[in-house]
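Each chain, letter by letter, is given below.
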Amino acid sequence: MFNQLESILGRYEELGELLSDPEVVTDTKRFLELSREEANLRGTVAAYRKYKENEQRIADATDLLGDAELADFAKEELSEGRAEKERLEEEIKILLLPKDPNDEKNIFIEIRGAAGGDEAALFAGDLLNMYSHYADSQGWEFEVMSASMSGIGGYKEVVAQVSGSNVYSKLKFESGAHRVQRVPVTESQGRVHTSTATVLVMPEIEEFDYKIDPKDLRVDIYHASGAGGQNVNKVATAVRMVHIPTGLKVEMQEERTQQKNRDKAIKVITARVFDYYQQLERDKQDATRKSTIGTGDRSERIRTYNFPQNRVTDHRIGLTIQQLDRIIAGDLGEIIDALIMADQTEKLAKLGSK
C-alpha cells in the first residue's frame, strides 16, 4: 500500500508542475484531463501527508517515553497518535479503492411515470422536486431540460441537468424503479394504490470523451407546442434527434431558438447513447450485476415510499427510515451516505478476499 501511496504522491507533484507549464495550459483538452487527475488524487495525497506527519508524532512520543518528566505527556501523545493512525489507515484504504471515472461529472437525470397512470406521473413530479431540493442543499445547479406533462400536473417524462461538485458520485445509485404507496388524489374510497416511476442517472459526456458520428443522427426540426407566446407555431425551433443505430430519441423545445434546443439535444442524446453502450457492457459483467447496490438498470426496483406509514425503504441495502416527509422534501443525505458506504464496504471486502 505504501509503495502505491509514494507513487501517487510523486505523480501528484509531477501534475503540479505540468499544470503550470505554458504548453499544457494552452492545450485545453490536456489541461482539463490533467486537472481532473490532479483533483482525483488530491484527497489521497492529503490523507497520506497527514499519515506521515502522524508517524513522526508517534516516533517523537516514543523517544520521550524515557524522560521521567515527559513520560505522561508522551503516553498521551502515543495513545492519540495510534488512534489517529488507525483512522487514517481506514480512510486511505477507501481512498485507494478503484474510482468510477464519471464520479466528478455533472449528470442528466431522466424521470418517467411508469405503472399507475396519472398517479405515476404525479409521483414522477414528486421525485423531480425531491432531487431539485437535494441539489439546492448541495449548492448544485438544477435545470429542467425537457418535460412532457400529464393531464393533471405530473410528468410522463422529464429530463433535468444537475451541475456541481461530485454530482454523479452522489446520485449514481438513484437509477432504478421507485415505488410509491399512497391514496391517489383521484381515489374517492380512500384506498392505497401502488404506482411506480423510473429514474435514470447519466453522466454528462464531454466531446473529447465520446462523440456520436453525425451520420448516425437523424435531426428533425418542427414547431414548438405549448407555452411560448408569439414564437409558437410561427418559427420552427423545436428539435428532435434520433440515434439511428440504437433508436434512442430526444426532443427539445424548451428554448426559444433552434440552436439552443439543438445544443441541449446533442448533450442529452450523447449521454443516453453512452449510457446505452455502457449498460450493454455491464450486462456482460456478472460480478457487476451481482453488486448489492445494483446495475443502474431502470427496471430494477430499488426503493419504496410508503406515505400512510411515513416510511421509505431502500431494498438494496435493507435501509428503512420512518421519515418519508423529510426524504421526499429533499433530505436525501442519510440514504445517499448509506448507499456509498455499502458500496465501499463491498469493494473493500472483495479486495480483502483476493
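Heads up: the structure comes first, above all this text.
The shown structure was predicted, so the numbers you read here are calculated from the model rather than taken from an experiment.

## Brief notes about the overall build of the chain
Here comes step 1: When you go through the chain residue by residue, the secondary structure sums to 10 helices and 11 strands.
Here comes step 2: Burial statistics for the chain: of 354 residues in total, 40% are counted as buried.
Here comes step 3: Counted over contacts in the chain with a minimum sequence separation of 6, partners at least 24 positions apart contribute 60%.

## As for the pattern of salt bridges
Here comes step 1: Applying the stated criterion to the full structure yields 31 salt bridges.
Here comes step 2: One salt bridge connects Arg303 with Glu174, and the closest N-O pair in it is separated by 2.8 Å. Highlighted residues: Arg303 in strand E9 (residues 301-306) and Glu174 in the loop between helix H6 (167-171) and strand E4 (176-182), separated in sequence by 129 residues. The residues Arg303 and Glu174 share a single accessibility class, namely buried.
Here comes step 3: Among the charged side chains, a network of salt bridges with common partners joins Arg218, Asp220, Arg240, Lys249 and Glu251.

## Quick look at the packing of aromatic side chains
Here comes step 1: On inspection of all chains with the given rule, the structure shows three aromatic pairs.
Here comes step 2: Each ring, one from Phe123 and one from Tyr305, has its centre 5.4 Å from the other, and the planes form 65 degrees; the classification is edge-to-face. Placement of Phe123 in helix H5 (residues 117-138) and of Tyr305 in strand E9 is noted, with a sequence separation of 182 residues between them.
Here comes step 3: Sitting over the ring of Phe307, Arg182 keeps its end group 4.8 Å from the ring centre.
Here comes step 4: In this structure, Arg240 is placed above the aromatic ring of Tyr222, and the distance from its NZ or CZ to the ring centre is 4.5 Å.

## Some points on the packing of helix H1 (residues 2-18) against helix H3 (residues 28-64)
Two measures define how a pair of helices packs: the angle their axes make with one another and the distance between the axes.
Here comes step 1: Taken N-terminus to C-terminus, the directions of H1 and H3 make an angle of 135 degrees; their axes are 8 Å apart at the nearest point. With respect to H3, the element H1 is oriented oblique. You can see that H1 and H3 cross each other, and the crossing is left-handed. Where H1 abuts H3, its residues Phe2, Leu5, Glu6, Ile8, Leu9, Arg11, Tyr12, Glu13, Leu15 and Leu18 lie against Arg30, Leu34, Glu37, Glu38, Leu41, Arg42, Thr44, Val45, Tyr48, Arg49, Tyr51 and Lys52.

## Quick notes on the environment of Lys170
Here comes step 1: Note on placement: Lys170 falls in helix H6.
Here comes step 2: Separated by 66 residues in sequence, Lys170 and Glu104 have C-alpha atoms that sit 9.6 Å apart.
Here comes step 3: When residues no more than four places from it in sequence are discounted, the contact partners of Lys170 are Tyr134, Gln138, Trp140, Ile336 and Ile340.

## Quick notes on the pairing of strand E5 (residues 193-203)
Here comes step 1: Within E5, nine of the 11 residues are buried, which leaves the element mostly enclosed by the surrounding structure.
Here comes step 2: Of the pairings in the sheet, the one linking strand E1 (residues 107-113) to E5 comprises seven bridges and is antiparallel in character. Of the residues in E5, the one forming a bridge with Phe108 is Met202.
Here comes step 3: Pairing geometry for E4 and E5, over seven bridges, is antiparallel.

## Section: the sheet that holds strand E10 (residues 311-314)
Strand pairing in a sheet takes place through backbone hydrogen bonds and is either antiparallel or parallel in direction.
Here comes step 1: Here we have eight strands laid out as an open sheet, ordered E2-E3-E1-E5-E4-E9-E10-E11, and mixed in their pairing. Each of the sheet's edge strands pairs with one partner strand only, and the pair in question is strand E2 (141-149) and strand E11 (319-321). This sheet shows a mean twist of 15 degrees between the axes of neighbouring strands, independent of strand direction.
Here comes step 2: Taken together, the five bridges between E4 and E9 define a ladder with parallel strand orientation. The residue of E9 that forms the bridge with Arg179 is Thr304.
Here comes step 3: Where helix H7 (residues 258-283) meets the sheet, it contacts E1, E2, strand E3 (155-163) and E5, and its direction lies at approximately 100 degrees from that of E5.

## A short note on unusual backbone geometry
Here comes step 1: Look at Asn166: it is not a glycine, yet its phi comes out positive at around 60 degrees.
Here comes step 2: For Asn166, the position within the fold is in the loop between E3 and H6.
Here comes step 3: On the accessibility criterion, Asn166 (26% relative accessible area) is partly exposed.
Here comes step 4: The phi dihedral of Asn310 falls on the positive side, at around 50 degrees, and the residue is not glycine.
Here comes step 5: With respect to the helices and strands, the residue Asn310 is situated in the loop between E9 and E10.
Here comes step 6: Judged by its relative accessible area of 26%, Asn310 falls in the partly exposed class.

Calculation notes
Residues numbered from 1 in each chain as written. Predicted model: local features only at pLDDT ≥ 70, side-chain atom pairs only at ≥ 80, totals over all residues. Heavy atoms only, no water. Helix = DSSP H or I, 4+ residues; strand = E, 2+ residues; numbered from the N terminus. Buried < 20%, exposed > 50% of the residue type's maximum accessible area, 1.4 Å probe, protein only. Contact = heavy atoms within 4.5 Å. Salt bridge = Lys/Arg side-chain N within 4 Å of Asp/Glu carboxyl O. Phe/Tyr/Trp six-rings, centres within 6.5 Å; stacked < 30°, edge-to-face > 60°. Lys NZ or Arg CZ within 6 Å of the ring centre and 35° of its normal. Axes fitted to C-alpha atoms, helices over the stretch in contact; angles between N-to-C directions. Parallel < 35°, antiparallel > 145°, perpendicular 65-115°, else oblique. Left-handed = near helix turned anticlockwise from the far one by under 90°. Pairing = 2+ DSSP bridges.

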